Amino acid sequence: MTALIVEKAGPQASVQDGGRFGVRHLGLTQGGALDWLAQHWANWMLGNRLDAAVVEVTLGGLQLRCEGEGWLALTGADLGATLDGQLLDVWRPFKVRAGQQLCFASPRLGLRAYLAVPGGVRAPLLAGSCATIAREGVGGLDGHGSGLQVDDRLAWEGQASVIRAVPPALIPDLRAPARLELILGAQAGSFGGQSLFDAFDQAWTVDTRSDRMGVRLTGTPLRYDGPGLVSEGIPLGAVQVPPDGQPIILLNDRQTIGGYPRLGALSPLAVARLAQCLPGENLWLVPQVTFAAQQRHRRCLQALRAAG
């Protein structure tokens, strides 16, 4: 068995897979890689299951030492990753040898990088997943929701079944403005006409008070004019509007129910793009009909299958 040893833990580095499903009625949220598209491509490069466990590196600051030899893959944000001081290309596989040092510096483009190992990172499962959820104390290498710690071993067994790079035309362009498609929800009609105009006709700014649970946006406040609501289930990408009128987009580690009015929900591809938005970055919400969002999602999944 081969491993990467954590020599320096980043601020928010954790083990994430495809997440937990079928357990929200128990109050357990899904977790999993925020930029699921980058995670899938990282695993694809090594011939893994697309939802296999990877290392999600947020902001950088992670330093690893290679214990053996093998091929790894890196996608997502450019966090200035180096191998023995040599800058690594993102969205390409690379080979490591025993004793080499893999370091993530700080964001150059995007926020979260994904590191895949052959077969996926080995970690204990709970409800079919090892996704780390710190708030609920589940998942991760220790099974109790801890992020990566110094001396942790990120182990894998065997070698990559294939070695391939992502076709350049299929690599998401993180330099392009973030335009996030939003499917309007049942409560959208209870926002005033001016608020609906403001929701889609201004640049929202990503607040510093954002994490894996949700991303706060700041801009012209939205006003909800409808009746009070009973708490209900919260889907991934839900855009809640609390009394201050500043939207919160709920992500993988969100609560399972909530009572704030919702403008709607982001599409899965929009959630993946949002995961790469740095604090202070501007983004735009773009209204989209369900069918069009589904078609775009299907084309993305078909491109993954066709590339293999």
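Reading the values: rules and limits
- Residues numbered from 1 in each chain as written.
- Predicted model: local features only at pLDDT ≥ 70, side-chain atom pairs only at ≥ 80, totals over all residues.
- Heavy atoms only, no water.
- Helix = DSSP H or I, 4+ residues; strand = E, 2+ residues; numbered from the N terminus.
- Rg over C-alpha atoms; globule rule 2.2 N^0.38 Å.
- Buried < 20%, exposed > 50% of the residue type's maximum accessible area, 1.4 Å probe, protein only.
- Contact = heavy atoms within 4.5 Å.
- Areas by Shrake-Rupley, 256 points an atom, 1.4 Å probe, with all protein chains shown as cover.
- Pairing = 2+ DSSP bridges.
- Axes fitted to C-alpha atoms, helices over the stretch in contact; angles between N-to-C directions.
- Polar contact = N/O pair within 3.5 Å; in protein donor to acceptor, adjacent residues only side chain to side chain.
- Phe/Tyr/Trp six-rings, centres within 6.5 Å; stacked < 30°, edge-to-face > 60°.
- Lys NZ or Arg CZ within 6 Å of the ring centre and 35° of its normal.
- Core = buried A, V, L, I, M, F, W, Y, C linked by side-chain atoms within 4.5 Å.
- Parallel < 35°, antiparallel > 145°, perpendicular 65-115°, else oblique.
- Nonpolar A, V, L, I, M, F, W, Y, C, P; charged D, E, K, R; others polar.

A. Molecular detail of the overall build of the chain. Each helix and strand in the chain was counted, giving four helices and 20 strands. By the compact-globule yardstick of 19 Å for 308 residues, the chain fits well, its C-alpha radius of gyration being 19 Å. Overall size of the chain, expressed as C-alpha extent along the three principal axes, is 60 × 40 × 35 Å. For the chain, the proportion of its 308 residues judged to be buried stands at 51%. Intrachain contacts of the chain at a sequence separation of at least 6 include 75% that bridge at least 24 residues. Total accessible area computed for the chain in this model is approximately 13,300 Å², and 53% of it derives from carbon and sulfur atoms.

B. Up close: the environment of Ile 249. Mapped onto the secondary structure, Ile 249 falls in strand S17 (residues 248–250). Of the residues examined, Ile 249 reaches a relative accessible area of 0% and is grouped as buried. Considered as a pair, Ile 249 and Ala 265 are 16 residues apart in the sequence and their alpha carbons are 8.0 Å apart. Contacts of Ile 249, omitting those with residues within four sequence positions, involve Met 213, Gly 214, Val 215, Leu 217, Gly 237, Ala 238, Val 239, Leu 266 and Leu 274.

C. Inspection of helix H1 (residues 36–46) at higher detail. Among the 11 residues that make up H1, 11 are buried, leaving the element largely enclosed by the rest of the structure. Within H1, the full set of buried residues consists of Trp 36, Leu 37, Ala 38, Gln 39, His 40, Trp 41, Ala 42, Asn 43, Trp 44, Met 45 and Leu 46. Positive phi shows up at Gly 47, right after H1, with a value of about 75°.

D. View of unusual backbone geometry. With phi around 75°, Leu 59 is a residue other than glycine that occupies positive phi space. Here Leu 59 lies in the loop between strand S3 (54–58) and strand S4 (63–66).

E. Examining the sheet that holds strand S12 (residues 178–184) more closely. Taken in spatial order, the seven strands of this closed barrel run S12-S19-S16-S17-S14-S13-S20, and their pairing is mixed. The average undirected angle you get between the axes of adjacent strands in this sheet is 40°. With three bridges joining them, S12 and strand S19 (residues 262–266) adopt antiparallel strand pairing. The partner of Ile 183 across the bridge, within S19, is Ala 265.

F. Structural detail: the side chain of Glu 181. Structurally, Glu 181 can be placed in strand S12. For Glu 181, a relative accessible area of 7% corresponds to the buried category. For Glu 181, the side chain forms a polar contact with the side chain of Ser 267, separated by 2.8 Å. A polar contact of 3.2 Å, which involves the side chain of Glu 181, links it to the side chain of Arg 296. Glu 181 has contacts with Ala 265, Leu 266, Ser 267, Ala 270, Val 286, Gln 288, Ala 293 and Arg 296, leaving out every residue within four places of it along the chain.

G. The sheet that holds strand S11 (residues 153–156), seen in detail. In spatial order, the strands read S7-S6-S9-S4-S1-S11; together these six strands make up an open sheet with antiparallel pairing. Looking at strand neighbours, the two that pair on one side only are strand S7 (86–87) and S11, the edges of this open sheet. Both strand S1 (residues 2–8) and S11 contribute to a ladder of four bridges, which runs antiparallel. Across the sheet, residue Leu 4 finds its bridge partner in S11, namely Leu 154.

H. Spatial organisation of the environment of Leu 217. One can find Leu 217 in strand S14 (residues 214–218). Taking the C-alpha atoms as reference points, Leu 217 and Asn 48, 169 residues apart in sequence, are found 35 Å from one another. Ignoring anything within four residues of it in the chain, the contact list for Leu 217 reads Trp 204, Thr 205, Val 206, Gln 246, Pro 247, Ile 249 and Leu 283.

I. Summary view of the packing of aromatic side chains. Within the structure shown, the criterion is met by two aromatic pairs. Over the ring of Trp 44 we find Arg 164; its NZ or CZ atom is 4.2 Å from the centre of that ring.

J. Looking closely at the nonpolar core. Leu 180, Leu 266, Leu 274 and Leu 283 are the most contacted members of the largest nonpolar core, which totals 44 residues. With residues up to four places along the chain from it excluded, the contact list for Leu 283 reads Ala 178, Leu 180, Gln 202, Ala 203, Trp 204, Val 206, Leu 217, Leu 274 and Cys 277. By size, the runner-up hydrophobic cluster in this structure holds 30 residues, among which are Val 6, Val 96, Leu 102 and Cys 130.

K. Structural view of the packing of H1 against helix H4 (residues 290–307). The contact between H1 and H4 brings their axes to 11 Å, and the two run at 10°. Between H1 and H4, the interaxial angle falls into the category roughly parallel. Taken together, the residues of H4 that come into contact with H1 (itself represented by Trp 36, Leu 37, His 40, Trp 41 and Trp 44) are His 297, Cys 300, Leu 301, Ala 303, Leu 304 and Ala 307. Grouping the constituent residues of the contact of H1 with H4 by class yields nine nonpolar, two polar and no charged.

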